[in-house]
Amino acid sequence: AGDKGVVVYVRASSLPAAMHGQLLTDFGAEDEAATTVAGGQESLIEEMAPFENYILGMLTNYQQLPLDRLHNMLRLFVMSPKYDKSVDQLSSFLTYLINRGKVAVENGMYRKPSAPQPSSEN
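The following refers to the structure shown. (Residues numbered from 1 in each chain as written. Predicted model: local features only at pLDDT ≥ 70, side-chain atom pairs only at ≥ 80, totals over all residues. Heavy atoms only, no water.)

## A word on the pattern of salt bridges
Then comes step 1: Inspection of every chain in the model, using the stated rule, returns 4 salt bridges.
Then comes step 2: A salt bridge links Lys102 to Glu52; the shortest N-O distance between them is 2.6 Å. Here Lys102 is found in the loop between α4 (87–99) and β2 (104–106), whereas its partner Glu52 is found in helix α2 (residues 52–62), with 50 residues between them in sequence.
Then comes step 3: Classification of Lys102 as partly exposed rests on a relative accessible area of 29%. (Salt bridge = Lys/Arg side-chain N within 4 Å of Asp/Glu carboxyl O. Helix = DSSP H or I, 4+ residues; strand = E, 2+ residues; numbered from the N terminus. Buried < 20%, exposed > 50% of the residue type's maximum accessible area, 1.4 Å probe, protein only.)

Structure (structure tokens):
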């Protein structure tokens, strides 16, 4: 729903014996997997939405932070609602925020995106 084609793939730890040597498309698994993942992504976004303002506020105050520091600060300081998400969930939500233009990342450091520079045409 407006995620600009964000697709997240999860690696399977094992395959049923019937699938050994087969292509995933032979079983229609690609379509099912995409639907399940998209539904899971929407659920994660809903669960993480209350923390968006905290994340953006921290990036405003600290300019840039690595993923683990953001995660630890959310766990320590956000009490209502209680932040109980994993680092992977936070990483996925940050990717969603990046795709929406609310957050940027460079060399593992998350920050608010730079404001567009005004053109210097006279």
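## Some thoughts on the packing of helix α3 (residues 67–77) against α4
Helix packing for two helices is described by the angle between their axes and how far apart those axes are.
Then comes step 1: At a minimum axis separation of 10 Å, α3 and α4 run at an interaxial angle of 110 degrees. It follows from the interaxial angle that α3 and α4 lie roughly perpendicular. Crossing hand, α3 versus α4: right-handed. The residues of α4 that touch α3, namely those facing Leu67, Leu70, His71 and Leu74, are Val87, Leu90, Ser91 and Leu94.
Then comes step 2: For the contact of α3 with α4, the per-class residue count stands at 6 nonpolar, 2 polar and no charged. (Axes fitted to C-alpha atoms, helices over the stretch in contact; angles between N-to-C directions. Parallel < 35°, antiparallel > 145°, perpendicular 65-115°, else oblique. Left-handed = near helix turned anticlockwise from the far one by under 90°. Contact = heavy atoms within 4.5 Å. Nonpolar A, V, L, I, M, F, W, Y, C, P; charged D, E, K, R; others polar.)

## Thoughts on the packing of aromatic side chains
Then comes step 1: Taken as a whole and judged by the stated rule, the model has 2 aromatic pairs.
Then comes step 2: Seen in terms of ring centroids, Phe51 and Tyr83 are 5.1 Å apart; in terms of plane orientation they differ by 90 degrees. Their pairing is edge-to-face. Of the two residues, Phe51 sits in the loop between α1 (29–48) and α2 while Tyr83 sits in the loop between α3 and α4, which places them 32 residues apart along the sequence.
Then comes step 3: For Tyr83, a relative accessible area of 2% puts it in the buried group.
Then comes step 4: Positioned above the aromatic ring of Tyr62 is the side chain of Arg69, whose terminal nitrogen or guanidinium carbon lies 5.2 Å from the ring centre. (Phe/Tyr/Trp six-rings, centres within 6.5 Å; stacked < 30°, edge-to-face > 60°. Lys NZ or Arg CZ within 6 Å of the ring centre and 35° of its normal.)

## Concerning the nonpolar core
Then comes step 1: By size, the foremost hydrophobic cluster in this structure holds 22 residues, and its most contacted members are Ile55, Leu70, Leu90 and Leu94.
Then comes step 2: Every element with two or more residues in this core is listed here: α1, α2, α3 and α4.
Then comes step 3: Considering every element that reaches this core, the biggest residue donor is α4, with 5 residues. (Core = buried A, V, L, I, M, F, W, Y, C linked by side-chain atoms within 4.5 Å.)

## Topic: the environment of Lys102
Then comes step 1: Sequence separation of Lys102 and Glu52 is 50 residues, and the distance between their C-alpha atoms is 9.6 Å.
Then comes step 2: Residues within four places of Lys102 in sequence aside, it is in contact with Glu52, Leu56, Leu97, Lys112 and Pro113.

## Description of the environment of Pro113
Then comes step 1: Looking at the secondary structure, you find Pro113 in the segment after β3 (109–111).
Then comes step 2: Through-space distance from the C-alpha of Pro113 to that of Gly101 is 7.1 Å; in sequence the pair is 12 residues apart.
Then comes step 3: If sequence neighbours within four positions are ignored, Pro113 has contacts with Gly101, Lys102, Val103 and Ala104.

## Re unusual backbone geometry
Then comes step 1: For the peptide bond that leads from Ser80 to Pro81, omega is -5 degrees, which places it in the cis range.
Then comes step 2: Among the secondary structure elements, Pro81 is positioned in the loop between α3 and α4.
Then comes step 3: Despite not being glycine, Asn107 has its phi angle at roughly 55 degrees, a positive value.
Then comes step 4: With a relative accessible area of 76%, Asn107 lands in the exposed category.

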